Amino acid sequence: MPALPSHAHYVIIGAGIHGLSTSMHLAQKLKAKRKSIGAGGARIVVLEKTGIGAGPSGIACGVVRNNYFQPAMRELMAHSVSVWESDPEAYSYHPVGYMQISPEVMHAQIGTIYEQQKAIGYESVFIEGEAESRQYMEGLFKDWQAKNITSVLHEKRGGYANNMASLRGLAKKAKALGVEIFEGVEVKALRSGNGTSAITSVETPAGSITCDQVIIGAGPWINSLWNMLGLPKQISVKGGDGKTHDGVPMWHYMALQEGTLGVDPNFQKTNDGAMPPVIHVDTDAPLHSDRDGKLITDKLWGIYYKPDFNFGGVQGGAMPATVETPADEVRVDPYGPKSPEFVVTDNFADMWTSALAFCQKRFEGKNGVYKKEPSGGIGCFTPDSFPVFDRFRENVYVIADSNHGYKMIGVGKLVADELLGEGSTLLEPFRFSRYATGKLHPVSNSPFPWS
Ligand SMILES: Cc1cc2nc3c(=O)[nH]c(=O)nc-3n(C[C@H](O)[C@H](O)[C@H](O)COP(=O)(O)OP(=O)(O)OC[C@H]3O[C@@H](n4cnc5c(N)ncnc54)[C@H](O)[C@@H]3O)c2cc1C
């Protein structure tokens with residue numbers, strides 16, 4: 001591996017979707033300003049402790065959607081979808097669309113999403129009523145049979161991308177522009193000096209790098225970087241009731257549950273033989289096991305799924321599980337399928353395959369072909385489960401997406417603008433100060449913490 005430079009203008013920590021997207025867009029923007037990148041010019045260095053895609057970006061289901069109840073999230077996602085659409089080949093992006101299929105308790109909120117999608121020019125179709133929803137779904141899949149569904153929001157844009165292929169595409173573009181990516185280099189400490197709180201050097205076992213700006217895109221490792229910055233472990237949050245709640249943990253973890261049904265992906269084609277949109281179903285109809293008929297839940301539940309050649313089957317997931325362990329004690333490494341603690345259990349397999357059978361007859365009796373391989377991974381969440389994109393310690397930009405983020409490829413583009421002195425109105429609603437001021441995002445009725 002080539003030696004680390006002793007100085008870089010921009011040190012980016014983490015080669016996941018955000019670190020790579022920021023590096024690539026920053027290089028693009030500097031080039032457009034006729035600046036040279038690399039030795040002798042502006043140096044953009046990405047430090048990655050393991051390898052490109054070693055975190056959730058490398059295992060994510062890859063769903064790209066707009067469907068969010070929060071106006072600020074929706075506008076930001078529309079921006080990101082346009083970045084995916086800008087180079088589908090390099091990003092291995094499949095624009096098949098996305099469907100949010102919901103029960104009555106979510107009907108009105110999904111209706112507002114549709115209205116606001118219309119207002120921002122994001123193409124979607126909204127079907128209301130139980131019979132109408134069933135008819136619409138049967139028009140796509142003859143075997144549709146999900147119950148307690150009274151609305152369908154069909155987003156015509158969005159879809160999914162292949163996790164590692166998209167990261168490799170981003171890295172290739174970044175390197176071609178002069179970005180230097182160092183894998184196997186872990187940042188162990190961040191030092192300040194000159195009588196300011198700004199970070200002046202980044203310390204690694206391979207040497208230290210003095211720097212002008214630091215950008216952190218560390219995914220579920222954000223808690224350890226946050227600690228290196230000496231930022232508060234607990235914060236005060238002004239709630240919707242106007243009351244301030246003190247001592248709220250800044251970070252908590254959840255375990256994302258995903259898996260793959262080992263069928264030919266063509267098994268999930270639509271009636272007319274096309275690759276279908278990504279399906280997301282929430283419902284309050286009781287769910288019984290497709291294996292033994294036992295009741296799995298009679299509470300609101302949800303799943304998502306799509307045929308995916310990359311995963312070799314029909315792949316998807318369900319609601320995440322809460323990790324009760326305090327953030328400082330959570331063992332993030334080894335990450336994802338290599339974790340002894342956080343891979344999905346047989347309960348997930350039973351629930352998810354039963355839910356597939358609940359939605360479409362073709363999945364009945366298929367639980368035996370669920371792929372029994374380790375899957376899933378943890379995400380690190382903020383107090384309100386929405387991202388924090390903000391500057392700390394004068395020259396450190398933190399991209400903490402609260403696990404919303406593979407789809408947010410466009411955030412790096414907006415962060416690059418901010419690094420170069422242009423403010424971004426799309427990122428403004430995600431500042432850390434919202435916890436103190438109470439400018440929080442509205443909360444939806446969805447069973448998922450990220451809708
Ligand atoms: C199972 C699962 C499925 C998901 N599915 C979706 C989905 O379908 N759609 C969606 O939008 N989102 C999805 N997400 C969420 C999404 O994957 C994450 O929000 C996003 O990938 C985070 O990107 P990142 O760049 O912040 O972090 P990461 O992908 O974690 O990248 C951070 C990198 O930083 C490196 N690093 C950490 N600490 C250091 C250090 N000290 N020094 C050097 N390097 C360091 C890590 O090795 C890692 O490679 C999913 C998450 C999981 C777990």
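Structure report, in brief. (Residues numbered from 1 in each chain as written. Predicted model: local features only at pLDDT ≥ 70, side-chain atom pairs only at ≥ 80, totals over all residues. Heavy atoms only, no water.)

Before going further, it helps to examine empty space enclosed by the protein. The tally for this structure, following the rule as stated, stands at 1 cavity of 30 Å³ or more. In this structure, the largest cavity encloses a volume near 70 Å³. The wall of the largest cavity is formed by Asn67, Tyr68, Phe69, Gln100, Met106, Gln109, Ile110, Ile113, Ser444, Asn445, Ser446 and Ser451. Looking at which element gives the most residues to the lining of the largest cavity, the answer is helix α3 (residues 104-119), with 4 residues. Considered class by class, the residues forming the lining of the largest cavity number 5 nonpolar, 7 polar and no charged. (1 Å grid on protein atoms, 1.4 Å probe; cavity = no way out; pocket = protein on both sides within 12 Å on 5 of 7 lines; lining within 4 Å. Points joined across faces, edges and corners; volume = space filled by probe spheres on them. Helix = DSSP H or I, 4+ residues; strand = E, 2+ residues; numbered from the N terminus. Nonpolar A, V, L, I, M, F, W, Y, C, P; charged D, E, K, R; others polar.)

In this section: the sheet that holds strand β4 (residues 93-94). Spatially, the 3 strands line up as an open sheet ordered β3-β8-β4, and their pairing is antiparallel. Each of the sheet's edge strands pairs with one partner strand only, and the pair in question is β3 (63-64) and β4. By the bridge criterion, 2 bridges tie β4 to strand β8 (residues 159-161) in an arrangement that is antiparallel. Bridge assignment links Tyr93 to a residue of β8, and that residue is Ala161. (Pairing = 2+ DSSP bridges.)

Quick look at the layout of surface pockets now. The volume enclosed by the second largest pocket comes to roughly 240 Å³. Contributing to the lining of the second largest pocket are 16 residues, with Asp384, Ser385, Phe386, His441 and Val443 lying nearest its centre. Class assignment for the residues of the lining of the second largest pocket results in 9 nonpolar, 6 polar and 1 charged.

For the rest of this paragraph, the subject is the packing of aromatic side chains. Summed over the entire model, instances satisfying the criterion amount to 19 aromatic pairs. Measuring from ring centre to ring centre gives 6.3 Å for Phe348 and Tyr370, while their planes differ by 65°; the resulting arrangement is edge-to-face. Here the residue Phe348 occupies a position in helix α7 (residues 346-359), and Tyr370 occupies one in the loop between α7 and β21 (377-381), the gap between them amounting to 22 residues. Phe348 gets classed as buried once you look at its relative accessible area, which sits at 3%. Judged by relative accessible area, which is 9%, Tyr370 ranks as buried. Three or more aromatic residues link up through ring pairs in this structure, and these residues are Trp226, Trp251, Phe392, Phe432 and Tyr435. Across the ring face of Tyr68, the terminal group of Arg65 is positioned such that the distance to the ring centre comes to 4.3 Å. The lysine or arginine in question, Lys306, covers the ring of Tyr160, its NZ or CZ lying 5.1 Å from the ring centre. (Phe/Tyr/Trp six-rings, centres within 6.5 Å; stacked < 30°, edge-to-face > 60°. Buried < 20%, exposed > 50% of the residue type's maximum accessible area, 1.4 Å probe, protein only. Lys NZ or Arg CZ within 6 Å of the ring centre and 35° of its normal.)

For helix α2 (residues 71-86), spanning 16 residues, the distance from its first C-alpha to its last is 23 Å, which sits close to the expected 22 Å at 1.5 Å a residue. Every buried residue of α2 is accounted for by Ala72, Met73, Arg74, Leu76, Met77, Ala78, His79, Ser80, Val81, Val83 and Trp84. (Expected span 1.5 Å × (residues − 1).)

To continue, consider the site of the ligand. The ligand sits among 37 residues. The nearest are Glu48, Ser57, Val63, Asp401 and Lys407. One of the backbone nitrogen or oxygen atoms of Cys61 is found 3.4 Å away from a nitrogen atom of the ligand. Within the backbone of Lys407, an N or O atom sits 2.7 Å from an oxygen atom of the ligand. Contact with the protein chains removes 97% of the 1000 Å² of surface that the ligand exposes when unbound. Broken down by secondary-structure element, the contributors of at least two residues to the shell around the ligand are α1 (17-32), β2 (44-48) and β15 (252-261). The class makeup of the residues in the shell around the ligand is 18 nonpolar, 13 polar and 6 charged. (Near = heavy atom within 4 Å. Polar contact = N/O pair within 3.5 Å; in protein donor to acceptor, adjacent residues only side chain to side chain. Areas by Shrake-Rupley, 256 points an atom, 1.4 Å probe, with all protein chains shown as cover.)

Before going further, it helps to spend a moment on the pattern of salt bridges. In this structure the tally under the stated criterion is 21 salt bridges. Here Lys188 ties to Glu186 by a salt bridge, and the two come within 3.7 Å at their closest N and O atoms. A salt bridge links Lys233 to Asp328, with the shortest nitrogen-to-oxygen separation between them at 2.7 Å. Taken together, the residues span a long stretch of sequence, with Lys233 in the loop between α6 (222-228) and β13 (234-238) and Asp328 in the loop between β20 (313-323) and α7 at a distance of 95 residues. Here the salt bridges share partners, and the residues they tie into one network are Arg291, Asp346 and Asp350. (Salt bridge = Lys/Arg side-chain N within 4 Å of Asp/Glu carboxyl O.)

Attention now moves to the sheet that holds strand β6 (residues 124-128). Hydrogen bonds between backbone atoms are what pair the strands of a sheet, whose relative direction is either parallel or antiparallel. The mixed open sheet is built from 8 strands, whose spatial order is β6-β7-β5-β16-β19-β20-β15-β21. In this open sheet, the two edge strands, each paired with only one partner strand, are β6 and β21. When the angles between neighbouring strand axes are averaged without regard to direction, this sheet yields 20°. Relative to strand β7 (residues 151-155), strand β5 (residues 98-102) is paired through 5 bridges, and the arrangement is antiparallel. Across the sheet, the residue bridging to Met99 is His154, located in β7. Against the sheet, helix α4 (residues 130-140) touches β5, β6, β7 and β16 (278-283), its axis set at about 130° to β6. (Axes fitted to C-alpha atoms, helices over the stretch in contact; angles between N-to-C directions. Contact = heavy atoms within 4.5 Å.)

Geometry only, nothing functional implied.
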